[in-house]
Amino acid sequence: SAVISQKPSRDICQRGTSLTIQCQVDSQVTMMFWYRQQPGQSLTLIATANQGSEATYESGFVIDKFPISRPNLTFSTLTVSNMSPEDSSIYLCSVEVSTGLTYNEQFFGPGTRLTVL
Amino acid sequence: AQSVTQPDIHITVSEGASLELRCNYSYGATPYLFWYVQSPGQGLQLLLKYFSGDTLVQGIKGFEAEFKRSQSSFNLRKPSVHWSDAAEYFCAVGAIDYKLSFGAGTTVTVRA
């Protein structure tokens, strides 16, 4: 398994500003993922972050809006840039952990609850 | 591309009664299926998973799920619900690149 922490746990931000969310895991992992959960909705994958390479973004998400860093195997950041109220969501990071089975599991952090005014 | 449908948005069940949450998936290859639970203000916790083998899988907290390939379903069950089971439940299917696609979720309310 993996223990994942996120900072901040919640924040209230003003329109037009940026927020950087940190994700720390207690073991080295290859793949990290960032998800968005809009109010009352399911999770949507924003991007996949592998150490040593550029993040891969899903359709509808762009690097200019959601720049991601992955400086080592235990840490990643997601920045939400030039925020608008539509960016109010819970942002979750997850990590892929090998289970020795045919597929790996994903463990999720507690999330960062962002409100944009 | 894979997708997941959870037909029930909200289910209310009495404490001690049985619970079944429905999940249907669409995926062209062997599906890797998961159920997660999200309690209010919490992250996601993995309840159980199906990769291969026995189609009835046991998970944590007394949950089980049955994989039915012919129906493209992976329904979650619990024989006797506790008040602490009130939460949001998400079914997910994993692709070969480990990206997960989630259903819309089912909110479970437990009444005394």
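Whatever comes next refers back to the structure up there.
The notes below deal with the structure included here. What you see is a predicted model; the values in this text were computed from it and never measured. (Residues numbered from 1 in each chain as written. Chains lettered and ligands numbered in written order. Predicted model: local features only at pLDDT ≥ 70, side-chain atom pairs only at ≥ 80, totals over all residues. Heavy atoms only, no water.)

## Considering the overall build of chain A
Argument step 1. Broken down by element type, chain A carries zero helices and eleven strands.
Argument step 2. Element order for chain A, N to C, with α for helix and β for strand: β-β-β-β-β-β-β-β-β-β-β.
Argument step 3. Whereas a compact globule of 117 residues would reach a radius of gyration of roughly 13 Å, chain A reaches 14 Å, a difference of no more than 12%.
Argument step 4. Structurally, chain A occupies a C-alpha span of about 45 × 25 × 25 Å along its principal axes.
Argument step 5. Split into buried and exposed, the 117 residues of chain A put 50% on the buried side.
Argument step 6. Excluding contacts between residues fewer than 6 apart, the proportion of contacts in chain A whose partners are at least 24 apart in sequence is 54%.
Argument step 7. Of the roughly 5500 Å² that chain A leaves accessible, carbon and sulfur atoms contribute 48%.
Argument step 8. Side chains of chain A carry 7 positive and 9 negative charges; the gap between the two charge centres is 9 Å. (Helix = DSSP H or I, 4+ residues; strand = E, 2+ residues; numbered from the N terminus. Rg over C-alpha atoms; globule rule 2.2 N^0.38 Å. Buried < 20%, exposed > 50% of the residue type's maximum accessible area, 1.4 Å probe, protein only. Contact = heavy atoms within 4.5 Å. Areas by Shrake-Rupley, 256 points an atom, 1.4 Å probe, with all protein chains shown as cover. Lys, Arg positive; Asp, Glu negative; His and termini not counted. Charge placed at Lys NZ, Arg CZ, Asp CG, Glu CD.)

## Structural notes on the interface of chain A and chain B
Argument step 1. In this complex, chain A contributes 23 residues to the contact, which on the side of chain B involves 21 residues.
Argument step 2. Of all residues in chain A, Tyr103(A), Glu105(A) and Phe108(A) bury the most surface against chain B, accounting for 34% of the area lost on that side.
Argument step 3. Joining chain A to chain B, the criterion identifies two salt bridges.
Argument step 4. With a shortest N-O distance of 2.7 Å, Glu105(A) and Lys49(B) are connected by a salt bridge. (Buried area = accessible area lost by both parts, 1.4 Å probe. Salt bridge = Lys/Arg side-chain N within 4 Å of Asp/Glu carboxyl O.)

## Focus on the sheet that holds strand E3 (residues 19–25) of chain A
All names here are of chain A.
Argument step 1. Taken in spatial order, the four strands make up an open sheet running E1-E3-E8-E7, and their pairing is antiparallel. Each having just a single partner strand, strand E1 (4–7) and strand E7 (68–72) make up the two edges of the open sheet. If you compare each strand with its neighbour and ignore which way they point, the axes differ by 15° on average.
Argument step 2. As paired strands, E3 and strand E8 (residues 75–80) are joined by six bridges and run antiparallel to one another. Following the sheet pairing, Leu19 is matched in E8 by Val80. (Pairing = 2+ DSSP bridges. Axes fitted to C-alpha atoms, helices over the stretch in contact; angles between N-to-C directions.)

## Thoughts on the pattern of salt bridges
Side chains carrying opposite charge are able to pair once their charged atoms draw close together.
Argument step 1. In the structure shown here, the tally under the stated rule is eight salt bridges over all chains.
Argument step 2. In this structure, Lys99(B) engages Asp97(B) in a salt bridge whose closest nitrogen and oxygen atoms are separated by 3.9 Å.
Argument step 3. A relative accessible area of 18% means that Lys99(B) is categorised as buried.
Argument step 4. Given the relative accessible area of 32%, Asp97(B) is considered partly exposed.
Argument step 5. Each of the salt bridges in this network shares a partner with another, and the network as a whole consists of Glu58(A), Asp97(B) and Lys99(B).

## Some remarks on the pairing of E3(A)
All names here are of chain A.
Argument step 1. The alternating pattern of E3 places Leu19, Ile21, Cys23 and Val25 on a buried face, while none of Thr20, Gln22 and Gln24, on the opposite face, is buried.
Argument step 2. Here E1 runs beside E3; their pairing, made up of four bridges, is antiparallel. Directly across from Ile4, in E3, lies its bridge partner Val25.

## Looking at the state of the cysteines
Argument step 1. As enumerated under the stated definition, the model contains two disulfides over all chains in all.
Argument step 2. Put simply, Cys23(A) and Cys93(A) are joined by a disulfide, and their sulfur atoms are 1.9 Å apart. Looking down the S-S bond of the Cys23(A) and Cys93(A) bridge, the torsion is 70°, so its handedness is right-handed. Taken together, the residues span a long stretch of sequence, with Cys23(A) in strand E3 and Cys93(A) in strand E9 (residues 89–97) at a distance of 70 residues. An identical accessibility class is assigned to Cys23(A) and Cys93(A); each is buried.
Argument step 3. The residue that forms a disulfide with Cys23(B) is Cys91(B), at a sulfur-sulfur distance of 2.0 Å. For the disulfide bridge between Cys23(B) and Cys91(B), the dihedral angle about the S-S bond is near -65°, and by the sign convention the bridge is left-handed. With Cys23(B) in the loop between strand E3 (19–21) and strand E4 (24–26) and Cys91(B) in strand E10 (residues 87–94), this pair connects stretches of sequence that are 68 residues apart. Each member of the pair Cys23(B) and Cys91(B) is classed as buried. (Disulfide = S-S within 2.5 Å.)

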